[in-house]
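Notes for the structure review
The primary structure of each chain is shown beneath.
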Amino acid sequence: MTHTPGAPDATLPGHIPGPAPVSDAELPALRRRVQAVLLTTQILGGLGIATGVALAAVLARDVSGSEALSGLASTATVAGPALLAMPLAALMASRGRRAGLVLAYLIGAVGAGVAVLGAVAESFPLLLLGLVGFGAGSSANLAARFAAADLAEPDRRARAISTVVWATTIGAVLGPNIAAPAGKSVAGLGIPATAGPFVWAAGVFVIAAAVVAVLLRPDPLLTARALAETGAGEAPEERSLRAGMRAVRESPKARLAVVTVAGSHTAMVSIMSMTPVALTHHGADIQLVGLVISGHIAGMYAFSPLMGWLSDRLGRLSVIGLAVGLIGVAALVAGTAGPSHGRTALGLFVLGLGWSAGLVSGSALLTDSVPQAARAAVQGLSDFIMNTAAGVGGLAAGLIVAQVGYGPLNAIAACLLLPMAALAIRGSLRKA
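Residues numbered from 1 in each chain as written. Predicted model: local features only at pLDDT ≥ 70, side-chain atom pairs only at ≥ 80, totals over all residues. Heavy atoms only, no water.

1. Section: the packing of aromatic side chains
Any pair of aromatic rings gets described here by the distance separating the centres and the angle formed by the planes. Note the cut-off: Stacked, tilted and edge-to-face are the three classes assigned to paired rings of Phe, Tyr and Trp, where Trp is represented by its six-membered ring and a pair needs centres within 6.5 Å; plane angles under 30 degrees give stacked, over 60 edge-to-face, the rest tilted. Each helix is a run of DSSP H or I of at least 4 residues and each strand a run of E of at least 2, with the numbering of both proceeding from the N terminus. Relative accessibility thresholds used throughout: buried, under 20% of the residue-type maximum; exposed, over 50%; partly exposed, between the two (1.4 Å probe, protein chains only).
This structure, assessed with the given rule, holds five aromatic pairs. An angle of 75° between the planes, with centres 5.0 Å apart, marks the rings of F134 and F198 as edge-to-face. Placement of the pair is F134 in helix α4 (residues 124-150) and F198 in helix α7 (residues 196-215), with a sequence separation of 64 residues. Residue F134 shares its accessibility class with F198, and that shared class is buried. The interplanar angle of 80° and the centroid separation of 5.9 Å between the aromatic rings of F303 and F349 together place this pair among those described as edge-to-face. Of this pair, F303 sits in the loop between α11 (286-301) and α12 (304-314) while F349 is found in helix α14 (residues 341-369), placing the two residues 46 residues apart along the sequence. In this structure an aromatic cluster arises from ring pairing among Y105, F134, F198 and F205.

2. Side note on helix α15 (residues 375-403)
Here is the rule: Multiplying one less than the number of residues by 1.5 Å gives the expected span of a helix.
With 29 residues, α15 extends 42 Å between its outermost C-alpha atoms, agreeing within 8% with the 42 Å of an ideal straight helix rising 1.5 Å per residue. One or two residues past the end of α15 sits G405, with phi positive at roughly 110°.

3. Quick notes on the pattern of salt bridges
Rules: Salt-bridge detection follows one rule: a side-chain nitrogen of Lys or Arg within 4 Å of a carboxyl oxygen of Asp or Glu.
Throughout the structure, instances matching the rule amount to eight salt bridges. The partner of D383 in a salt bridge is R145, with the nearest N and O atoms 3.0 Å apart. Highlighted residues: D383 in helix α15 and R145 in helix α4, separated in sequence by 238 residues. The same class applies to D383 as to R145, namely buried. The closest approach of N and O atoms between R159 and D312, which form a salt bridge, is 2.8 Å. With R159 in helix α5 (residues 157-177) and D312 in helix α12, this residue pair connects regions lying 153 residues apart in the sequence. Salt bridges sharing common partners tie together R157, R159, D312, R316 and D368.

4. Digging into empty space enclosed by the protein
Note the threshold: Detection works on a 1 Å grid of protein atoms alone, calling trapped sets that fit a 1.4 Å probe cavities and calling open sets with protein on both sides within 12 Å along at least five of seven lines pockets, with lining residues defined by an atom within 4 Å of a point. Grid points are joined across faces, edges and corners, and a volume is the space filled by probe spheres set on the points.
The tally for this structure, following the rule as stated, stands at three cavities of 30 Å³ or more. Space inside the largest cavity adds up to approximately 590 Å³. Within the residue set of the lining of the largest cavity, elements represented by two or more residues are α1 (27-64), α2 (71-95), α4, α5, α10 (252-281), α11 and α14. Examining the composition of the lining of the largest cavity, we find that eight residues originate from one element, α1, more than from any other.

5. Focus on the layout of surface pockets
Picture a little ball the size of a water molecule; that probe, rolled over the atoms, points out where space is still empty. Test applied: Under the convention adopted here, Pro, Cys and the residues Ala, Val, Leu, Ile, Met, Phe, Trp and Tyr are nonpolar, Asp, Glu, Lys and Arg are charged, and Gly plus all remaining residues are polar.
Estimated volume of the largest pocket: approximately 360 Å³. Lining the largest pocket are 16 residues; nearest its centre among them are K253, L256, L317, L365 and G427. Of the residues that constitute the lining of the largest pocket, the class distribution is five nonpolar, four polar and seven charged. Roughly 280 Å³ of volume is contained in the second largest pocket. Contributing to the lining of the second largest pocket are 16 residues, with R31, Q35, A152, E153 and A160 lying nearest its centre.

6. So, the packing of α4 against α15
What counts, and what does not: Helix axes are fitted to C-alpha atoms over the stretch in contact, other axes to C-alpha atoms as well, and angles between N-to-C directions run from 0 to 180 degrees. Crossing handedness: left-handed means the near helix sits turned counterclockwise from the far one by under a right angle, and right-handed means the same turn made clockwise. Contacts: residue pairs with any heavy atoms within 4.5 Å of one another.
Packing of α4 against α15 brings their axes to within 11 Å, and their N-to-C directions diverge by 145°. Where α4 crosses over α15, the two elements pack in a sense that is right-handed. The residues of α15 that touch α4, namely those facing L142, A143, R145 and F146, are Q379, D383, M386 and N387. In terms of residue class, the contact of α4 with α15 is made up of four nonpolar, two polar and two charged.

7. A look at the side chain of S251
Quick reminder of the rule: In the analysis that follows, any N or O atom pair within 3.5 Å is treated as a polar contact, provided that within protein one partner can donate a hydrogen and the other can accept it, and provided that, for residues neighboring in sequence, both atoms belong to side chains.
In this structure, S251 sits in the loop between α9 (241-249) and α10. The class for S251 is buried, based on a relative accessible area of 11%. A polar contact of 3.1 Å, which involves the side chain of S251, links it to the backbone nitrogen of A254.

Written out as structure tokens, the structure reads:
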């Protein structure tokens, strides 16, 4: 059997013709090809993001001369994807995943370059502007998880998402550990060592954009619409951001999914962003900070296939409950670590596991809960809420640590789990 979308309707404004028909026999190979491209770009994107993020707070502190302002680095890096999320969702809804991913990676590359200029000029505002653009690179990595779900079978959707999330492990774990070599590589160029990682990140993002532009064909989102035989008769307003908001309002499961993704991400960013500062307070050097962050990122990504398998086998709600438990334990361990670098590292690793459980299960539940036509818009709305909340959390984290310390920050971050837990319990009772 061949899935053939209807002929394009010339009277339908904004209609984008779908890709060529795909047969049942061709679909498995197409899924593998799309996944291979996404895995490659996730590795590259993860490398670029983690290389810069590892020292963003330290660089901000050095340029601004204020520890309280160092939290703005995290805020800026999550402000980028928050600002880009809605325009990116609108672009993907109308033009497909490829156009959105390429744009996000290129903005990330430009932002990394501006951050380097800010560091050289010792201009804190320019540095923050660059970090906002740099953060947009993570928009591409976040959106790629939904691209993986576009063509996945419903009962394997969480595993498809988690496999692409897992691919970030390679680049993300290597990133913090090459921060020192990246810094040394720019020593003779008048660029601060802490800005070196952003030079490397810019180049990596450009390569990732090129891979997507050339190889992500046919576009998975447009192909999924064609297979659902909705591409021709679907009105543009059904794919609009307003339609996405309406879909979330009308679905309790979608609301739980959004709260899960946003709550997990905000708690993680708030704690993780200030951990390098807390470690340096207790005598840690850049290499040790890099190792701790690498362990944290390994927890975030390396075990995501397990979270995907659990989400498909045990259900989304069970893994959301697991996320609540893991993040709570992580906040307790890291928040009471004091000068123990080992306890801090353990807490950050568990924090990564909790984030992975929340992101994978929440993303799968979100995709399950809304119609095909509204998915790209809903996914963009979710990422906008997630990154906006995390941006506020990162800003608050710096102020909290400056005023009352790292331990109380962990306790406050744990409180973000309460709405998530309440909605998950309500969903379980309703299901029962």
